Amino acid sequence: MSARIWPVLAIFALWQAVCAAALVPAFVLPPPLRVFETLWHERGLIGQHALTTLAETGAGLALGIGLGVTLALAMALAPWLQRLIGPVLAGAQALPVFVLAPVLVLWLGYGLGPKVAMVALLVVFPVASGLHDGLCATPAAVLDLARIARASKLRTLLWLRLPHALPQGAAGLRIAVTYAPTGAVIGEWVGASSGLGYLMLMANARMRIDLMFAALLVILALTLLLNRLTDRALARAGV
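Residues numbered from 1 in each chain as written. Predicted model: local features only at pLDDT ≥ 70, side-chain atom pairs only at ≥ 80, totals over all residues. Heavy atoms only, no water.

### Let's talk about the overall build of the chain
1) Next: On a plain count of helices and strands, the chain comes out with 10 helices and zero strands.
2) Next: Listing every helix and strand of the chain by position from the N terminus yields α-α-α-α-α-α-α-α-α-α.
3) Next: Summarising its shape, the C-alpha atoms of the chain cover approximately 75 × 50 × 30 Å along the three principal directions.
4) Next: A burial count over the chain gives 38% of its 239 residues as buried.
5) Next: Residue pairs in contact within the chain that sit at least 24 positions apart in sequence constitute 71% of those at least 6 positions apart.
6) Next: Total accessible area on the chain is roughly 13400 Å²; 72% of this is exposed by carbon and sulfur atoms.
7) Next: Of the charged side chains in the chain, 16 are positive and 8 negative; the average position of the first set lies 12 Å away from that of the second. (Helix = DSSP H or I, 4+ residues; strand = E, 2+ residues; numbered from the N terminus. Buried < 20%, exposed > 50% of the residue type's maximum accessible area, 1.4 Å probe, protein only. Contact = heavy atoms within 4.5 Å. Areas by Shrake-Rupley, 256 points an atom, 1.4 Å probe, with all protein chains shown as cover. Lys, Arg positive; Asp, Glu negative; His and termini not counted. Charge placed at Lys NZ, Arg CZ, Asp CG, Glu CD.)

Here it is, written out as structure tokens:
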């Protein structure tokens, strides 16, 4: 058994012990065995909502990564853009996501749009910031070689600076992937008709705390899966 499993098993054992000792009421913290039982019996319902959240997360990730990479390259190519765009990105990241969610719902409605936009907003800053920092940290010797070869700014950026920036860009991507499901769920809390966040709200309103925790476990599993897939993809790319 993998060593990573033991901390997880210890947490669930402690959780079960706390519930068995009646230290916390079941309507506040249901036993994990009951949560897993609900997860199995309601797998069809949970799976349907999980697909919605996964679609929102995937679309938001694609949009956020694309925007983040584009902004990082643009700011590295034209430093004046960094002075213009940098504070806007930092300000958007400083705002609590709960503040932005109602505004996005107001502008984009209750469909897929605001959830995708919420995910993209959470993703774009770490991707753009990490990659831009890497682009700005290119060794001076490499830039001197580019100047000696009379390479254009665009060629220098794409063929010399970008490869050196990939490790820092990958670090930003790992952070972004962790944030992405959170953005989708928060968007569903504010306004949705499906998704794991919506399911949690409905379960809480009906005092189905076991179902709410089951949805929470699926969100956790989704986040861990995305992180694992990202690590594998980056490892295969040699980053």
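Next comes the rest of the write-up.
### Examining the nonpolar core
1) Next: By size, the foremost hydrophobic cluster in this structure holds 19 residues, and its most contacted members are Val35, Ile46, Leu196, Leu199, Met212 and Phe213.
2) Next: The biggest single contributor to this core is helix α10 (residues 209-236), with nine residues.
3) Next: With sequence-adjacent residues up to four places away left out, Phe213 is seen in contact with Trp15, Val28, Leu29, Pro30 and Val35.
4) Next: Val127, Leu173, Ala176 and Leu234 belong to the second-largest nonpolar core, a separate cluster that totals 13 residues. (Core = buried A, V, L, I, M, F, W, Y, C linked by side-chain atoms within 4.5 Å.)

### Description of the environment of Leu54
1) Next: Tracing the backbone through its elements, the reader meets Leu54 in helix α3 (residues 43-77).
2) Next: A C-alpha to C-alpha distance of 24 Å links Leu54 and Val8, two positions 46 residues apart in sequence.

### Quick notes on the pattern of salt bridges
1) Next: Tallying each qualifying case throughout the model produces five salt bridges.
2) Next: Arg208 serves as the salt-bridge partner of Glu42, at 3.9 Å between the closest nitrogen and oxygen. Highlighted residues: Glu42 in the loop between α2 (32-41) and α3 and Arg208 in the loop between α9 (196-205) and α10, separated in sequence by 166 residues.
3) Next: For Glu42, a relative accessible area of 25% translates into the label partly exposed.
4) Next: The exposure class assigned to Arg208 is partly exposed, which follows from its relative accessible area of 29%.
5) Next: A single salt-bridge network, built from bridges that share partners, covers Arg34, Glu42, Arg208 and Asp210. (Salt bridge = Lys/Arg side-chain N within 4 Å of Asp/Glu carboxyl O.)

### What about a nonpolar patch on the surface?
1) Next: Judged by side-chain polarity, Leu77, Leu154, Leu158 and Trp159 come together as a nonpolar surface patch covering roughly 420 Å² of accessible area.
2) Next: Considering each element in turn, the nonpolar patch owes the most residues, three residues, to helix α8 (residues 153-190).
3) Next: Within the secondary structure, Trp159 is located in helix α8. (Patch = residues over 30% accessible without salt bridge, like charges linked within 9 Å, V, L, I, M, F, W, Y side chains within 5 Å.)

### Here's the deal with the packing of aromatic side chains
1) Next: In total, this model carries three aromatic pairs according to the counting rule given.
2) Next: The interplanar angle of 50° and the centroid separation of 5.3 Å between the aromatic rings of Phe12 and Phe36 together place this pair among those described as tilted. Of this pair, Phe12 sits in helix α1 (residues 5-20) while Phe36 is found in helix α2, placing the two residues 24 residues apart along the sequence.
3) Next: According to the relative accessible area criterion, Phe12 is partly exposed, its value standing at 23%. (Phe/Tyr/Trp six-rings, centres within 6.5 Å; stacked < 30°, edge-to-face > 60°.)

### Some thoughts on unusual backbone geometry
1) Next: Even without a glycine there, the phi angle at Met207 is positive, about 60°.
2) Next: Residue Met207 is classed as exposed on the basis of its relative accessible area, which comes to 52%.

### Side note on the packing of α3 against helix α6 (residues 112-136)
1) Next: Remark: α3 packs on α6, axes separated minimally by 6 Å, with the N-to-C direction vectors making an angle of 35°. For α3 against α6, the interelement crossing comes out right-handed.
2) Next: A class-by-class count of the residues in the contact of α3 with α6 yields 21 nonpolar, five polar and two charged. (Axes fitted to C-alpha atoms, helices over the stretch in contact; angles between N-to-C directions. Left-handed = near helix turned anticlockwise from the far one by under 90°. Nonpolar A, V, L, I, M, F, W, Y, C, P; charged D, E, K, R; others polar.)

### So, the environment of Ile46
1) Next: Its place among the elements puts Ile46 in helix α3.
2) Next: Once residues lying within four places of it in the same chain are set aside, the contact partners of Ile46 are Thr38, Leu39, Leu196, Leu199, Leu211, Ala214 and Val218.

### Quick look at α8
1) Next: Taking 1.5 Å as the rise per residue, α8 with 38 residues should run 56 Å; its terminal C-alpha atoms sit only 45 Å apart, a clear shortfall.
2) Next: The sharpest bend along α8 reaches about 55° and sits at Leu162, with the proline Pro163 one to four residues further on. (Expected span 1.5 Å × (residues − 1). Bend = angle between axes of the 7 residues up to and from the residue.)

### Some remarks on the side chain of Asp210
1) Next: Within the element layout of this structure, Asp210 appears in helix α10.
2) Next: Dropping the residues within four chain positions of it, Asp210 is found in contact with Pro30, Arg34, Val35 and Thr38.

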